[in-house]
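# Observations on chain architecture
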Amino acid sequence: MEVPVELLLARLRAAGFEAESVRAAPGGVVALAGMATLRDGSRVFAKTLRSAGSDLFEIEAAGLRALRELGGVTTPEVLAVTPDLLVLEPLPPRREDDERFWEELALALAGLHAATVGERFGWHRDGWLGRLRQDNTWDDDGHAWFARRRILRWLTEPLVAAALDRADRAALERLCAALPDLLPPAPPVLTHGDLWRENILCGPTGAPALIDPAVSYSFAEADLSMLWFSPRPPAARRFFEVYAATAPLPSGWQERMPLYHLRELLSSIAHDDNARECAEAVREIVAPF
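Report on the accompanying structure. Quick caveat: nothing in here was measured; it's all calculated off a predicted structure. (Residues numbered from 1 in each chain as written. Predicted model: local features only at pLDDT ≥ 70, side-chain atom pairs only at ≥ 80, totals over all residues. Heavy atoms only, no water.)

It is worth spelling out the overall build of the chain at this point. Per the secondary structure count, the chain includes 11 helices and 11 strands. Relative to its length of 289 residues, the chain is compact, with a C-alpha radius of gyration of 19 Å against a globular reference of 19 Å. Oriented by its inertia axes, the alpha-carbon framework of the chain measures out at about 60 × 45 × 35 Å. By residue count, 52% of the 289 residues in the chain fall in the buried class. The positive charge centre, built from 31 side chains, and the negative charge centre, built from 42, are 2 Å apart in the chain. (Helix = DSSP H or I, 4+ residues; strand = E, 2+ residues; numbered from the N terminus. Rg over C-alpha atoms; globule rule 2.2 N^0.38 Å. Buried < 20%, exposed > 50% of the residue type's maximum accessible area, 1.4 Å probe, protein only. Lys, Arg positive; Asp, Glu negative; His and termini not counted. Charge placed at Lys NZ, Arg CZ, Asp CG, Glu CD.)

A few words on the pairing of strand β3 (residues 43-48). As paired elements, strand β2 (residues 32-38) and β3 share 6 bridges and run antiparallel to each other. Residue pairing across strands places Met35 opposite Phe45, the latter belonging to β3. Direction of pairing for β3 relative to strand β5 (residues 85-88): antiparallel, over a ladder of 4 bridges. Each residue of the ladder has a partner; that of Lys47, found in β5, is Leu86. (Pairing = 2+ DSSP bridges.)

This part is about the sheet that holds strand β1 (residues 19-24). If you trace the 5 strands from one edge of the open sheet to the other, you get β1-β2-β3-β5-β4, paired in antiparallel fashion. Two strands lie at the open edges of the sheet, namely β1 and β4 (78-82), each paired on one side alone. Averaged over all pairs of adjacent strands, the angle between their axes in this sheet comes to 25°, without regard to strand direction. The pairing of β1 with β2 spans 5 bridges and is antiparallel. Looking across to β2, one finds that Ala19 is bridged to Leu38. (Axes fitted to C-alpha atoms, helices over the stretch in contact; angles between N-to-C directions.)

Let's shift gears to the environment of Pro188. Here Pro188 is to be found in the loop between α7 (179-182) and β8 (189-191). Residues Pro188 and Gly118, 70 residues apart in the sequence, show an inter-C-alpha distance of 5.3 Å. In contact with Pro188, not counting residues within four places along its chain, are Thr116, Val117, Gly118, Glu119, Arg120, Phe121, Tyr217 and Ser218. (Contact = heavy atoms within 4.5 Å.)

Side-chain positions along a regular strand alternate between the two faces of the sheet. Both faces of β5 are covered, namely the face carrying Leu85 and Val87 and the face carrying Leu86 and Leu88. Here β4 pairs with β5 via 4 bridges, running antiparallel. Residue pairing in the sheet places Val81 in a bridge with Leu86 of β5. Between β4 and β5, which pair antiparallel and follow one another directly, the connecting turn spans 2 residues.

All right, on to the nonpolar core then. By size, the foremost hydrophobic cluster in this structure holds 66 residues, and its most contacted members are Leu172, Tyr243, Leu266 and Val282. If we ignore the near neighbours within four places in the chain, the residues touching Leu266 are Ile151, Trp154, Val160, Leu164, Leu172 and Val282. Counting residues in each nonpolar core, the second largest holds 13 residues, with Leu8, Leu12, Leu85 and Val87 among its members. (Core = buried A, V, L, I, M, F, W, Y, C linked by side-chain atoms within 4.5 Å.)

Put into structure tokens, the structure is as follows:
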């Protein structure tokens, strides 16, 4: 049986890349990934799946292109994409302790949201969030869309159904019914969709670069909620201040962060990622309902 590095090496060669070695990347919950060194000494970052036939890489590549072309965000160049292989230009890690880096990220995210105001919530095709489908069906009503496609959508997942009891689900449904009163009206904008710390790297010039998107036209604050709850270094202390100075946020935005974060908590339960802790966090958010 092939080990992951050998599988990735074989698929790179089959796609025409003269790969001599691959250094496996940590993580790899969804895909097998690694940094490959080619015969000429150059490197590429590659991902593969144990089984072919998925549209995951095609959708990821399209999301990277949309962020770059529509929103002006730095993303890695896509060098090749097939049903079982995605090859990207390699990027250096983020400048973790550089305050200016995080301020540039805030400006880039504010610019993305400001430049991509749309007319409907959703996307022209469904996508992926981790190993599970992301329902991007279009809707003119952002509150109904967020309730149905980003919160209630997870209740049918087996691990979520097991983790939350009838009272929890009823409270979530009541919270969703109240969203028009809880979330101020806001236009749909192109969002990264999975904007936590590990999906932030550096571009070739040192500017912040984003990877692994789950794009859709959603509420801008949904992107912010991912970073709000993602551990950040002290150097990121001015991120939200810089964002709000560029793209002003309606008052009370900090209090709304947990509401938007419900999607990530429910997704984590569905993926069996800290499921018990996430279920407790869900209960805490829905307790008033």
